[in-house]
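Structural description and commentary
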Amino acid sequence: MKSENTTQRLNAQDEYFLDADTPTAPTHVGGLEIYELPPGAGRDFMQKYYAQIKRQPVRAEPFNYVLSTLAEEEDTESQGLLAWMRPSPRRKKKDKAVRVWKRLEHVNPEEHIYLHALPYPGGQRELGELVARLHVNRLDRSRPLWEMHLIEGLEGGRYAVYMKLHHSQFDGKRGVSLAQYTRSTKPSVRGLLPIWAVDLSKHHERAAGGRRAAAAEAGRLEQLAAWGKALSKMRAVRRHDAGPGVIVPYTAPASILNGPLTPRRRLGTVSLSIPRIRALGAAVEGGATVNEIVLAVCGGALRRYLKDRDALPREPLIAACPVALTRKDGAAAGNAVGQILVSLETHVGHPTQRLRGVVASSRANKALMQSLDQDAYFNYLNLTMMPQALVAKTRYGHKVLNANLVISNVPGPRETQYVNGARMEAMYAASLLLPGQALNITVSNFGDNLDVGILACPDLCPSPQRIAVHAGEELAILEQAMGIEPAPAKRKVPSRKAATPRAPRNKPKVKAKPAKKARAKTSSS
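Since the structure is predicted, the reported quantities are computational estimates derived from the model, not experimental observations.

1. Some words on the overall build of the protein chain
Of regular secondary structure, the protein chain possesses twelve helices and 15 strands. Burial analysis of the protein chain (525 residues in total) assigns 50% to the buried set. When contacts within the protein chain are restricted to residue pairs at least 6 apart in sequence, long-range pairs at least 24 apart make up 79% of them. When the accessible surface of the protein chain is summed, it comes to about 27,000 Å², and 53% of that surface belongs to carbon and sulfur atoms.

2. Considerations on the packing of helix H9 (residues 351-370) against helix H11 (residues 464-481)
The geometry of H9 relative to H11 is characterised by a closest axis approach of 9 Å and an angle of 100° between their N-to-C directions. Here H9 lies roughly perpendicular to H11, going by the angle between them. Between H9 and H11, the contacting residues are Pro351, Thr352, Arg354 and Leu355 on the first element and Glu474, Ile477, Leu478 and Ala481 on the second. Residue composition of the contact of H9 with H11, grouped by class: five nonpolar, one polar and two charged.

3. Thoughts on the packing of helix H7 (residues 274-283) against helix H8 (residues 290-308)
Two measures define how a pair of helices packs: the angle their axes make with one another and the distance between the axes. Close contact between H7 and H8 brings their axes to 9 Å; oriented N to C, the two are set at 100°. Between H7 and H8, the angle falls in the class roughly perpendicular. Across the interface between the two elements, Ile277, Arg278, Leu280 and Gly281 of H7 pack against Val290, Ile293 and Val294 of H8. Taken together, the residues that form the contact of H7 with H8 break down as five nonpolar, one polar and one charged.

4. Here's the deal with the environment of Thr384
Residue position: Thr384 is located in helix H10 (residues 374-390). In the structure, Thr384 is positioned 136 residues away from Val248 in sequence and 9.6 Å away in space, judged by C-alpha atoms. Filtering out sequence-adjacent residues up to four positions away, Thr384 remains in contact with Met234, Pro249 and Tyr250.

5. Regarding helix H1 (residues 12-19)
A turn of α-helix holds 3.6 residues, and therefore any two residues three or four places apart point the same way. Along H1, the residues classified as buried are Gln13, Asp14, Tyr16, Phe17 and Leu18. Its side-chain oxygen 3.0 Å from the backbone nitrogen of Gln13, Asn11 forms the N-cap of H1.

6. A few points about the environment of Ala456
Mapped onto the elements of the fold, Ala456 is located in strand E15 (residues 449-456). Not counting chain neighbours up to four residues away, the residues in contact with Ala456 comprise Arg264, Arg265, Arg266, Leu433, Ala438, Leu439, Cys461 and Pro464.

About the criteria used
- Residues numbered from 1 in each chain as written.
- Predicted model: local features only at pLDDT ≥ 70, side-chain atom pairs only at ≥ 80, totals over all residues.
- Heavy atoms only, no water.
- Helix = DSSP H or I, 4+ residues; strand = E, 2+ residues; numbered from the N terminus.
- Buried < 20%, exposed > 50% of the residue type's maximum accessible area, 1.4 Å probe, protein only.
- Contact = heavy atoms within 4.5 Å.
- Areas by Shrake-Rupley, 256 points an atom, 1.4 Å probe, with all protein chains shown as cover.
- Axes fitted to C-alpha atoms, helices over the stretch in contact; angles between N-to-C directions.
- Parallel < 35°, antiparallel > 145°, perpendicular 65-115°, else oblique.
- Nonpolar A, V, L, I, M, F, W, Y, C, P; charged D, E, K, R; others polar.
- Polar contact = N/O pair within 3.5 Å; in protein donor to acceptor, adjacent residues only side chain to side chain.

Okay, here's the thing in structure tokens:
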């Protein structure tokens, strides 16, 4: 894809995700998608698919961006409002190194795409273990910061795709917006390109609009005013004057979920019904959002998980919840993410009281974000994250905690999705662990389900699948406590036989009709 400039500056959030990257807490994110093989696919389908996508050129930004440095002239004497008072001759300009994304004219896809086969029997456990191992390795900064892993051998005629991207270039909102061009709602559509090969100029005019927006950058006085608002709000929060329920940063309790991380990772998964979650939200006085119900479900699941290990803190766990914001520069890479802190009320035993407490905490801290304009709120976030960023690469990184864990909600497709005839069955996020935080829970909606990815460092938080199991059970506990009749589960549409169908062992003869009767009785019982 052509562009006017070959470099792009990094914003403060992008710099943070690069600087916080360590061997035990890498700052890339991942997405796991599971597909049914398309009808008529043979045993060599994945090998052919692998060979095909390796031939697709890298067109989409930022898949053709590489980290670089740019020498930029800096005139320290001529900057500032009082520069005219300085005597001449002024001191010589000096150069400073600035990190930028540099657009490459050519990227070799073979350096970024891999094919794996699961060991028999190819179940969810084997898939989760493979993805956890792939997620540990850091991305090579001498190349564009992305990888795609094709995984064959998943039971039931299925395969998986695991995509790994660096958070300095992608936030969840941008990743989802790019993926929409690689899938279709129609199973008959063919010729869809992989995400890095999409020519975005054919879909929207992001570059021109973005650069027009960048021209309207705030002036010096506006920037000073935004910092003043941020400092004032920070002072009010520290003094507990920002309103009832507003959480002061760095007040999260000590827990077994927090400590020095190791490179090991485990991934737990579960799917939750969106209609059931919405029914719970409607039962709460004043209504509750899907996000708030998810936070309450996670709070109940973590309470049970920690109680089982006799490790439940007396104070409630605090979750950092990312919030997508609007990018003003229209850049092809980078982040525009805010966050609110929410109490998970894990110290409350009664499920309805815990639910109401989570909803109240979410509303109070969301109101704090909405009380500031976006520039001031960005500055407020920078101030709150500064202590954590400064110690991220030191041996004290696990001691400076803004929250106990991250719980994120990434928007996904609402309709059935196909990739060249292969039906997408589920999509799970494998996000990042910040220094000192051994648990990250990321949910993404897909159709009528919320697919939940629970990434953990097992040396601090063993068996994250137990948290996934508790989350499914907690949804039923909340329904019972709120007096809600759970909606009947939708019967799953039988999957088509994707691989070459096997010949039946015995052709049906005279006894075919009685056999059908027996099956009918069994299914109706």
